[in-house]
Amino acid sequence: MVSSNSIVEKYLRTDKLPHIWCPGCGNGIVINSLIRAIDNAGLEQEKTVIISGIGCSGRASGYLKFCAFQPVHGRVLAYATGIKLFKPELHVICIMGDGDCASIGGNHLIHAARRNIGVTAAVLNNSNYGMTGGQYSPTTPEGAKTRTSPYGNIEPPFDICDLAKASGATYVARSHTYKPRILTKYFQKALTHDGFALVEAMCDCPTLYGRLNKKGAGKEMLMNQKDRAVPLEKAKNKSSEELEDKFVVGEFVNKTRPEYTKQYTKMIEKVKLEAD
Amino acid sequence: MGKGRVAVLSGNDAIAEGALAAGMRFFAGYPITPASEISHFCADELPKYGGKFIQMEDEIASMAAIIGASMAGGKSMTSTSGPGFSLMQENLGFAIMAEVPCVVVDVMRFGPSQGVATVPAQADVMQARWGTHGDHPSITLAPSTVEEAYHVTVRAFNLAEKYRTPVIILSDATLSQMSEKIKIPDPDSLEILNRKKATVDPQQFKPYQDDGTGVCPFASYGDGYIWYTTGIVHDETGFPATGDPDKLTIQINRLHDKINKNLDDIIQVDEYMTEDAEIIILAYGSVARSAFAAADKARNEGIKVGVVKPITIWPFPEEVIKKVSEKVESILVCEMNHGQLFEKVKETVEGKAKMAFLGQYNGKSIKPDKILAAVKEVSSGVFQ
Ligand SMILES: Cc1ncc(C[n+]2csc(CCOP(=O)(O)OP(=O)(O)O)c2C)c(N)n1
Ligand code: SF4
Ligand SMILES: [Mg+2]
């Protein structure tokens, strides 16, 4: 492992710093964990494509020295599918907000997971739409206040990990910004996993979600992450009442199933053989 | 594909054959009538060439996937019809902005919304020009025969590669389903263009640095270059230029200029018996077929009629239309819509010739006799 300084120089576009994120925002911690995982996994920057959605989290790709782009809101996984299928030797990493991934992009999430295409999804879940000013997202907890749920959210939230698991993802894990090393570990496993891998990073938006829900500043929210996180093993013996306002952390899925682009390559070989 | 051969193909199959010959190696699409046969062909054929076909979850994803594949260096295409074309518009805008070559086929069917899936129209002409938001250029081509569908598709790929832009092919339900004999050329005889590749030292590479041609060299993912791009208006580095009014203007101008400064190369218009014509029938796509037949009949009856058939719809062939309008008395625009290209022609003609419009929007192809009747009315001054 290289030192912090050389990691910064190697992977970050330091000329683009300081970043736009607010003090106390969780995005920086997640991206820190992600680049350490990339470094540990030994991915070559020239062979790694990072695509990010539109949102505060989506700005990440602009700070990263990789083949990177930010196309439109919600379609990151569909772009990734085209890249990975055409050139399977590339590593493709998708950075998405909770809105990007589970709302506008929800359809692409379930189908990328179903195909088990070998891309890594990093979901930065801050429980709201940060970029547009703090509206409710599909992961906003019931009762929470946002700019568009001023009387408390009446919509039940998605559990993104459950969604990915049910859709067929073969690596699914969740951690949070109080545990950056665990995030790095999960990201690293996701990056070296042969199939669709999703890591959900619970992170904070103190400026909007935190303020509207009186959760305190960045530091308080971070401490709160620790209190809310329940390890998978412990969660198994808890009732849903006991898990209210908590989130379960750990590795939910880690299994093998044929990866989509490998299946495609096999099909090509078979078709060519039959044609001969 | 083999060497040159004669075949009986549908319009849809000819487009797919042309794409394959042009080097398409990636296709993503979502089933829709009357375009689905293009997908079927690609699903059958692409794996044989080591290419990839994927049926995506919708047309938004299809458009995204072909852009992604092209960024990784593949020549890519999708095909659809009106409802799907509407869904593609946002990502189409990204391809224009990030300057990613790809080909989008819209086999036009009838009506807004679901319309009528199985019958033809030409009502997406303005959508092909302005469907995605913001100021942007469009290259849109419209073939009128099965053989032309093949060659227009090869050309669409060539223009996409040469100018680093998506190219739209407007076909229609009539052309897509009809069968005609076509000569498929020996692929080696075709002119195939490939995008200009980045050759500079990767450290020096700026993805949108104009090399003087207006079209920047392309670095496919995996070719050793690290670069950034975004749908946000960007400067030559690929990074947002949102705070700089001058840079915003430069970028929008460059997008337009690379097309507008090459109109001679991009614009293709067929003229038929226009030399001494007093009346011009202007028609494109499958309607042009009836226009030619009507012109022949009119000539037999002594009416001096010619046909102007734009194959390039956008950029609009203004110069050609202007020249024609100076020579002739009347221009009769025939379209399967309520009046789309007609407005553009009228604006271009600037009163130099009398304008008449024959629009048919009943899901039926316009028959030659109907055009002939309109020509006679124009000729006798009834049709004003
Ligand atoms: C098609 C479209 N609709 C809406 C928007 C506006 N928009 C930008 S970011 C965003 C939501 C971002 O939320 P999330 O994905 O959770 O990211 P965050 O900002 O919270 O990191 C929206 C709705 C857009 N850019 N494009
Ligand atoms: S608004 Fe929220 S999500 Fe966006 S940068 Fe600020 S704290 Fe982070
Ligand atoms: Mg969010």
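Residues numbered from 1 in each chain as written. Chains lettered and ligands numbered in written order. Predicted model: local features only at pLDDT ≥ 70, side-chain atom pairs only at ≥ 80, totals over all residues. Heavy atoms only, no water.

## Quick word on the interface of chain B and chain A
Filter applied, for reference: It only takes one pair of heavy atoms within 4.5 Å for two residues to be counted as in contact. A 1.4 Å probe defines the accessible area here, and the buried area is the portion of it lost by two parts on being joined, summed over both. When a carboxyl oxygen of Asp or Glu is within 4 Å of a side-chain nitrogen of Lys or Arg, the pair counts as a salt bridge. Pairs of N or O atoms are called polar contacts if they sit within 3.5 Å, as long as, within protein, a hydrogen donor faces a hydrogen acceptor (for residues adjacent in sequence, only side-chain-to-side-chain pairs). Secondary structure elements are defined from DSSP: runs of H or I of at least 4 residues count as helices, runs of E of at least 2 residues count as strands, and each element is numbered from the N terminus.
Listed as interface residues are 42 residues of chain B and, on the opposing side, 38 residues of chain A. In this assembly, chain B packs against chain A so that about 3,300 Å² is buried in total across both faces, 65% of it on carbon and sulfur atoms. Joining chain B to chain A, the criterion identifies 2 salt bridges. The shortest N-O distance in the salt bridge between B:Asp223 and A:Lys87 comes to 3.9 Å. The interface formed by chain B and chain A holds 13 residue pairs in polar contact (both at pLDDT 80 or more) in total. Residue assignment for the side of chain B that touches chain A shows that the elements contributing at least two residues are β2 (24-29), β3 (52-55), α3 (59-71), α4 (82-98) and β10 (228-230) of chain B.

## Comments concerning the site of ligand 1
To be explicit about the condition: A molecule or strand has a residue near it when one of that residue's heavy atoms lies within 4 Å. Calculation of accessible area relied on Shrake-Rupley with a 1.4 Å probe; when residues are assessed, cover is drawn exclusively from the protein chains displayed. Under the scheme applied, nonpolar residues are Ala, Val, Leu, Ile, Met, Phe, Trp, Tyr, Cys and Pro; charged residues are Asp, Glu, Lys and Arg; polar residues are all the others, including Gly.
Inspection of the region around ligand 1 gives 17 residues, with A:Cys56, A:Ser57, A:Asp98, A:Asp100 and A:Gly130 positioned closest. Ligand 1 sits at the junction of chains A and B, each of which supplies nearby residues. Within the side chain of A:Asn126, a nitrogen or oxygen atom sits 3.0 Å from an oxygen atom of ligand 1. Contact with the protein chains removes 77% of the 590 Å² of surface that ligand 1 exposes when unbound. Secondary-structure elements contributing two or more residues to the shell around ligand 1 are α4 (98-104) and β5 (128-129) of chain A. Element by element, the count of residues in the shell around ligand 1 is highest for α4(A), at 4 residues. Class assignment for the residues of the shell around ligand 1 results in 5 nonpolar, 9 polar and 3 charged.

## As for the coordination of the magnesium ion (ligand 3)
All names here are of chain A. The line we're drawing: Keep in mind that water is not among the atoms, so a site may look incomplete; donors are the N, O and S atoms within 2.8 Å of the metal, or 3.2 Å for Na, K and Ca. Relative accessibility decides the category of a residue: with a 1.4 Å probe and only protein chains considered, values under 20% of the type maximum give buried, values over 50% give exposed, and everything between is partly exposed.
All of the protein donors around the magnesium ion (ligand 3) are Asp98 (OD), Asn126 (OD1) and Asn128 (O); their distances to the metal are 2.0 to 2.2 Å. Coordination of the magnesium ion (ligand 3) draws on donor residues from a single chain, spaced D-x27-N-x1-N in sequence. Within this pair, whereas Asp98 is found in helix α4, its partner Asn126 is found in the loop between β4 (120-125) and β5, the two being separated by 28 residues in sequence. Its relative accessible area of 1% is what places Asp98 among the buried residues.

## Examining the sheet that holds strand β7 (residues 171-176) of chain A
Put simply, the rule reads: Two strands are counted as paired when DSSP detects at least two bridges linking them. The angle between two axes is taken between their N-to-C directions and runs from 0 to 180 degrees, where each axis is a line fitted to C-alpha atoms and a helix contributes only its stretch in contact.
Spatial ordering of the open sheet is given by β9(A)-β10(A)-β7(A)-β8(A)-β4(A)-β3(A)-β1(A)-β2(A)-β10(B), a layout of 9 strands whose pairing is mixed. Here the strands that pair on one side only, and so sit at the sheet edges, are β9 (229-231) of chain A together with β10 of chain B. Taken pair by pair, the neighbouring strands of this sheet meet at an average axis angle of 20°, ignoring direction. The pairing of strand β3 (residues 91-97) of chain A with β4(A) spans 5 bridges and is parallel. Its bridge partner lying in β4(A), A:Cys94 is registered against A:Ala121. In the packing of α4(B) onto the sheet, the strands contacted are β2 (67-70) of chain A together with β10 of chain B, and the crossing angle to β10(B) comes to about 135°.

## Comments concerning the pattern of salt bridges
On inspection of all chains with the given rule, the structure shows 30 salt bridges over all chains. Of the charged contacts, one joins B:Glu161 and B:Arg195 as a salt bridge, the two residues approaching to 3.0 Å between their closest N and O atoms. Residue B:Glu161 is found in helix α6 (residues 146-163), and its partner B:Arg195 is found in the loop between β9 (179-184) and β10; the two are separated by 34 residues along the sequence. Like B:Arg195, B:Glu161 is buried. Where B:Asp235 meets B:Lys247, a salt bridge forms, and the shortest distance between an N and an O atom there is 3.1 Å. Remark: B:Lys247 occurs in helix α8 (residues 245-260) and B:Asp235 occurs in the loop between β10 and α8; sequence separation between them is 12 residues. In this structure B:Lys247 comes out as partly exposed when scored by relative accessible area, which is 30%. Connected through salt bridges with shared partners, the residues A:Lys87, B:Lys197 and B:Asp223 form a single ionic network.

## Re the domain arrangement of chain B
Residue and element names in this part refer to chain B. Heads up, the condition is: All the domain ranges listed were derived from an automatic or database domain assignment.
Split into domains, chain B comes out as domain 1 (5-184) and domain 2 (269-379). A separation of 26 Å is found between the C-alpha centroids of domain 1 and domain 2. On the side of domain 2, 24 residues touch domain 1, which itself brings 28 residues to the contact. Both faces combined, the contact of domain 1 with domain 2 buries some 2,000 Å², and carbon together with sulfur accounts for 55% of it. Across the domain 1-domain 2 interface, the total number found is 2 salt bridges. The partner of Lys309 in a salt bridge is Glu148, and the shortest N-O contact between them spans 2.7 Å. Remark: the boundary between domain 1 and domain 2 carries 16 residue pairs in polar contact (both at pLDDT 80 or more). When residues of the side of domain 1 that touches domain 2 are traced back to their parent elements, those giving at least two are β6 (116-120), α5 (125-130), β7 (139-141), α6 and α7 (173-177).

## Re the nonpolar core
Rule in force here: We call a set of buried Ala, Val, Leu, Ile, Met, Phe, Trp, Tyr and Cys residues a nonpolar core when their side-chain atoms join them within 4.5 Å.
A:Phe196, A:Leu198, B:Met77, B:Ile331 and B:Val345 are the most contacted members of the largest nonpolar core, which totals 141 residues. Ranked by residues supplied to this core, first place goes to α6(B) with 10 residues. Counting the residues that make up this core, at least three belong to each of domain 1 (5-184) and domain 2 (269-379) of chain B. Excluding residues within four positions of it along the chain, A:Phe196 makes contact with A:Leu77, A:Leu109, A:Ala112, A:Ala113, A:Asn116, A:Ile117, A:Gly118, A:Val119, A:Ala121, A:Ala169, A:Thr170 and A:Tyr171.

## A closer look at a negative patch on the surface
The cut-off we apply is this: For patch building, the residue pool is restricted to those with more than 30% relative accessible area and no salt bridge; the joining distance is 9 Å between like charges and 5 Å between nonpolar side chains (Val, Leu, Ile, Met, Phe, Trp, Tyr). Charge counting follows a simple rule: Lys and Arg are positive, Asp and Glu are negative, and His as well as the terminal groups are ignored. Charge coordinates come from a single atom per side chain, which is NZ of Lys, CZ of Arg, CG of Asp or CD of Glu.
A grouping of A:Glu142, A:Glu241, A:Glu242 and A:Glu244 is seen on the molecular surface, where their side chains present a negatively charged patch. Relative to the assigned elements, A:Glu142 resides in the loop between β6 (135-136) and α6 (160-167).

## Quick notes on helix α10 (residues 287-300) of chain B
Residues and elements named next belong to chain B. Counted only if it meets this: One fewer than the residue count of a helix, multiplied by 1.5 Å, yields its expected span. What the arc covers is the set of directions going from the helix axis to the C-beta atoms.
The end-to-end C-alpha separation of α10 is 20 Å, in line with the 20 Å expected for 14 residues at 1.5 Å each. Along α10, the residues that are buried comprise Val287, Ala288, Ser290, Ala291, Ala294, Ala295 and Ala298. On an axial view of α10, the arc spanned by its buried residues comes to 150°, and they lie on one face. On its buried side, α10 packs onto β11 (269-272), β12 (279-282), β13 (305-310), β15 (330-335) and α13 (368-379). Positive backbone phi, approximately 85°, marks Gly302, located one or two places after α10.

## What to know about the side chain of B:Gln122
Residues and elements named next belong to chain B. As for its placement among the helices and strands, Gln122 is situated in the loop between β6 and α5. In this structure Gln122 comes out as buried when scored by relative accessible area, which is 0%. A polar atom in the side chain of Gln122 sits 2.8 Å from the backbone oxygen of Tyr284. The residues contacting Gln122, other than those within four sequence positions of it, are Met108, Asp172, Tyr284, Gly285, Ser286, Val287, Glu335, Met336, Asn337 and Gln340.

## Re unusual backbone geometry
Following B:Thr33, the chain continues to B:Pro34 via a peptide bond in cis, the omega torsion being 5°. Here B:Pro34 is to be found in the loop between β2 and α2 (36-45). Each neighbour pair has its own omega, and for B:Trp314 with B:Pro315 the value is -5°, a cis peptide bond. Checked against the element boundaries, B:Pro315 lands in the loop between β14 (312-314) and α11 (318-327). Backbone geometry at A:Lys214 places phi at a positive 50°, although glycine is not the residue there. Within the secondary structure layout, A:Lys214 lies in the loop between α8 (206-212) and α9 (218-228). Residue classification places A:Lys214 among the exposed positions, given a relative accessible area of 76%.

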